[in-house]
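Okay, here's what each chain looks like letter by letter:
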Amino acid sequence: MINRLDYRSPDFRSRLRTLLAFEASQDAAIENTTRDILEDVRLRGDAALLEYTRRFDRVAADSVAELEIPRADLIAARDSLPPDQRAALEAAAERIRVYHEKQRGESWSYTETDGTRLGQKITPLDRVGLYVPGGKAAYPSSVLMNAIPAKVAGVPDLVIVTPTPDGQRNPLVLAAAAIADVDRVWAIGGAQAVAALAYGTAAIAPVDKITGPGNAYVAAAKRRVFGTVGIDMIAGPSEILIICDGTTPADWIAMDLFSQAEHDELAQAILLCPSAAYLDEVAAAIERLLPTMPRAEIIRKSLSGRGALILVQDLEQACAIANDIAAEHLEISTENPEFWADRIRHAGAMFLGRYSSESLGDYCAGPNHVLPTSRTARFSSPLGVYDFQKRSSIIQVSHAGAQTLGPLAASLADGEGLPAHAGSARYRLEPGSSSS
Ligand SMILES: NC(=O)c1ccc[n+]([C@@H]2O[C@H](COP(=O)([O-])OP(=O)(O)OC[C@H]3O[C@@H](n4cnc5c(N)ncnc54)[C@H](O)[C@@H]3O)[C@@H](O)[C@H]2O)c1
Ligand SMILES: N[C@H](CO)Cc1c[nH]c[nH+]1
Ligand SMILES: [Zn+2]
């Protein structure tokens, strides 16, 4: 059922290209609907927000205030969780916090011999909106992965929007919001929630940046409001790429492939291995284990559409292919995984060794699970504290520094034909200096 590729086949490269090709669906109907919703919320504010929430989530409210989930409900949800679930959420939150603490950027400056001080001041964003998906599944882990780095960055005002179809509020999502100390939560979703965060309404103040995953409407809305607000990234379907030397139990690898395939029919799960016999073993494990999976249908569609077991010449070739794929998640399930990891330049997150299953990273290892997909790991990075901080340059020129920099600036300004620039630099020169 899963595709099989072999590096010795003449059509290997073209089959690999076809397998990896993925056009993020720029569906015209979705684009048009999203554009109309954004415009409507921008013009009519709360009234439009209430209307779309009634239409898409089947929640009737008379005011947006009714859609706010009070802090007391978040705390109550946390306090009513079964103890093991609460402990798991709290332990995951703590591990995520400890990891992200290491990412916090600090301001710096240096002073030159003439007293001129140059530097960079780091400040948190003032107000961030976090989109937590809630249409088909609820993602409390995504609450932690977005909110904790924002808190570590020092964002003073952090709000969540999340749809609650038919008024069903997910207790784990509310509890995660309490644990991550989110300031306010609104039960709204889709493009209308993104619009409310970007443009503001009477009830909801606009934010400076929107982060968090969502469906095609949410992604289209984020793309459109970028510029009015910042966004983190447009995340596509999940991906897992595994390089295996053929000695990890085949069932483990089959389940690792399932773990991302079960997210979405369009998710991509690929195994690279130099042993044909081992690939046969994994194929057999997939056939045996798949019927036991509650999400078997999604997994089957994902594996038969975009999944593959690929025979490679050796692990060197596997690494070269992995760099080309630039997957969201890369498992290196081999002896001495560090050796092979040294050869990898492009991957959202690397999981080294047989015990580092990708699922541990999704929930609780510590690093962020919001990662670049669709080959964007070639140029972008995991969500992190740096996404919630910004940098301002500091330039404090001394009297002596102005005498050195002024002639340089004036000369360059003359060259650009910008006399006011030149004049402003020259005014600060000592009278009588050769450039004044
Ligand atoms: N990359 C990650 O870290 C990560 C983590 C969790 C989830 N995800 C992804 O996020 C997505 C979540 O999608 P979801 O649908 O479950 O929840 P969602 O909250 O993103 O979308 C639900 C909203 O979509 C809007 N909508 C639905 N149908 C519509 C229509 N016909 N017209 C206009 N608006 C409509 C509604 O407003 C609804 O509230 C999935 O693709 C999932 O794989 C990614
Ligand atoms: N693997 C997803 C990102 O690709 C994140 C996630 C959330 N819950 C489980 N998994
Ligand atoms: Zn996952």
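Residues numbered from 1 in each chain as written. Chains lettered and ligands numbered in written order. Predicted model: local features only at pLDDT ≥ 70, side-chain atom pairs only at ≥ 80, totals over all residues. Heavy atoms only, no water.

Novice: Would you mind going over the coordination of the zinc ion (ligand 3) with me for this structure?
Specialist: Under ideal tetrahedral coordination, the four donors around a metal are separated by 109.5 degrees; under ideal octahedral coordination, the six donors are separated by 90 or 180 degrees. Bound to the zinc ion (ligand 3) on the protein side are His263 (NE2) and Asp362 (OD), at distances that span 2.1 Å. On the basis of relative accessibility, which here comes to 32%, the residue His263 falls in the partly exposed class. Classification of Asp362 as buried rests on a relative accessible area of 10%. (Donors = N, O, S within 2.8 Å, 3.2 Å for Na, K, Ca; no water. Buried < 20%, exposed > 50% of the residue type's maximum accessible area, 1.4 Å probe, protein only.)

Novice: So what exactly am I meant to see when it comes to the site of ligand 2 here?
Specialist: Lining the immediate surroundings of ligand 2 are Tyr139, Ser141, Ser238, Gln260, His263, Glu328, His329, Glu358, Asp362, Tyr363 and His369. Between ligand 2 and Gln260 there is a distance of 2.9 Å, counted from a nitrogen atom to a side-chain nitrogen or oxygen. With respect to ligand 2, the side chain of His263 contributes an N or O atom lying 3.1 Å from a nitrogen atom. Broken down by element, the residue count for the shell around ligand 2 peaks at three residues, all from helix α15 (residues 358-363). Here the shell around ligand 2 is built from residues that sort into two nonpolar, six polar and three charged. (Near = heavy atom within 4 Å. Polar contact = N/O pair within 3.5 Å; in protein donor to acceptor, adjacent residues only side chain to side chain. Helix = DSSP H or I, 4+ residues; strand = E, 2+ residues; numbered from the N terminus. Nonpolar A, V, L, I, M, F, W, Y, C, P; charged D, E, K, R; others polar.)

Novice: Could you clarify how one ought to interpret the sheet that holds strand β7 (residues 184-186) in this entry?
Specialist: Strand pairs in the sheet, formed through backbone hydrogen bonds, run parallel or antiparallel to each other. Spatial strand order, β2-β7-β6-β5-β8-β9: six strands in an open sheet with mixed pairing. Among the strands making up the open sheet, the edge pair consists of β2 (68-69) and β9 (230-231). With two bridges joining them, β2 and β7 adopt antiparallel strand pairing. Bridge pairing in β7 places Glu68 opposite Trp186. Packed onto the sheet, helix α8 (residues 190-199) meets β5 (127-131), β6 (157-161) and β8 (209-211) and runs at close to 175° relative to β5. (Pairing = 2+ DSSP bridges. Contact = heavy atoms within 4.5 Å. Axes fitted to C-alpha atoms, helices over the stretch in contact; angles between N-to-C directions.)

Novice: Can you help me understand the packing of aromatic side chains in this one?
Specialist: Between two aromatic rings, the relevant description is the distance of the centres plus the angle of the planes. This model, assessed by the stated rule, comprises four aromatic pairs. Here the aromatic rings of Tyr52 and Phe56 are separated by 6.0 Å at their centres, their planes lie at 5°, and the arrangement is stacked. Of this pair, Tyr52 and Phe56 both sit in helix α3 (residues 46-57), four residues apart, which is roughly one turn of that helix. Phe56 sits in the partly exposed class, given a relative accessible area of 36%. (Phe/Tyr/Trp six-rings, centres within 6.5 Å; stacked < 30°, edge-to-face > 60°.)

Novice: What should I look at first to understand the site of ligand 1 in this one?
Specialist: In the region of ligand 1, 21 residues are neighbours, and Asp57, Tyr131, Gly134, Lys136 and Asn215 sit closest. Within the contact set of ligand 1, an oxygen atom lies 2.9 Å away from a backbone nitrogen or oxygen of Gly134. In the environment of ligand 1, a nitrogen atom lies 3.2 Å from a nitrogen or oxygen atom belonging to the side chain of Tyr217. Considered on its own, ligand 1 offers 870 Å² of accessible surface; in the complex 81% of this is hidden by protein. For the shell around ligand 1, the secondary-structure elements that each account for two or more residues are α3, α8 and α9 (216-225). (Areas by Shrake-Rupley, 256 points an atom, 1.4 Å probe, with all protein chains shown as cover.)

Novice: Would you take a moment to explain the nonpolar core for this structure?
Specialist: What tends to happen in soluble globular proteins is that the nonpolar side chains get buried as a cluster. Judged by nonpolar contacts, the single largest core of 38 residues is most densely connected at Leu144, Ile160 and Val182. Put simply, the parts of the chain that give this core at least two residues each are α4 (71-79), α5 (83-101), β5, α6 (140-153), β6 and α7 (171-179). For this core, the leading source of residues is α6, giving eight residues. Ignoring any residue separated from it by four or fewer positions in sequence, one finds Leu144 in contact with Leu89, Ala92, Ala93, Ile96, Pro149, Ala176 and Ala180. Listed in part, the 30 residues of the second largest apolar core include Val59, Leu67, Ala191 and Val207. (Core = buried A, V, L, I, M, F, W, Y, C linked by side-chain atoms within 4.5 Å.)

Novice: For this particular structure, what's the right way to read the pairing of strand β13 (residues 329-333)?
Specialist: Burial analysis of β13 places five of its five residues in the buried class, the great majority of the element. Here β13 shows two buried faces, one formed by His329, Glu331 and Ser333 and the other by Leu330 and Ile332. Pairing of strand β10 (residues 239-244) with β13 involves five bridges; the strand directions are parallel. Pairing of Ile242 across the sheet is with Glu331, part of β13. Here β13 runs beside strand β14 (residues 349-352); their pairing, made up of four bridges, is parallel. Bridge pairing in β14 links Ile332 to Leu352.

Novice: What is the right way to read the UniProt feature "binding site: Zn(2+)" (unreviewed entry) in the chain from this model?
Specialist: Summarizing the sequence annotation, UniProt attributes the feature "binding site: Zn(2+)" (unreviewed entry) to Gln260, His263, Asp362 and His421 in the numbering used throughout. A stretch of 162 residues holds the annotated residues, and the largest C-alpha distance among them is 56.1 Å, long enough that they do not meet in one place. Structurally, Asp362 is set in helix α15. In this structure Asp362 touches Ser141, Met145, Gln260, His263, His329 and His369, once residues within four positions along its chain are discounted. Note that His421 resides in helix α17 (residues 419-426). (UniProt positions renumbered as here; feature names shortened; annotations may be inferred.)

Novice: When you look at empty space enclosed by the protein in this model, what are you seeing that I'm missing?
Specialist: Over the atoms, a rolling probe the size of a water molecule traces out where space has been left empty. For the structure shown, the criterion picks out one cavity of 30 Å³ or more. Taken as a whole, the largest cavity encloses approximately 70 Å³ of empty space. Along the lines of polarity and charge, the residues of the lining of the largest cavity split into seven nonpolar, two polar and two charged. (1 Å grid on protein atoms, 1.4 Å probe; cavity = no way out; pocket = protein on both sides within 12 Å on 5 of 7 lines; lining within 4 Å. Points joined across faces, edges and corners; volume = space filled by probe spheres on them.)

Novice: What should I look at first to understand the pattern of salt bridges in this one?
Specialist: What the rule picks out here adds up to 29 salt bridges. Where Arg78 meets Asp79, a salt bridge forms, and the shortest distance between an N and an O atom there is 3.0 Å. With a closest N to O distance of 3.0 Å, Arg86 and Asp79 form a salt bridge. Since its relative accessible area comes to 25%, Arg86 is described here as partly exposed. (Salt bridge = Lys/Arg side-chain N within 4 Å of Asp/Glu carboxyl O.)

Novice: Help me out: how do you make sense of the sheet that holds strand β3 (residues 108-111) in this one?
Specialist: Read across the open sheet, the three strands follow the order β3-β4-β15; overall the sheet is antiparallel. With partners counted over all chains shown, the strands left at the sheet margins are β3 and β15 (389-396), one partner each. On average, each strand axis in the sheet is tilted by 15° relative to the strand beside it, whichever way the strands run. Here strand β4 (residues 117-124) runs beside β15; their pairing, made up of eight bridges, is antiparallel. Bridge pairing in β15 places Lys121 opposite Ser392.

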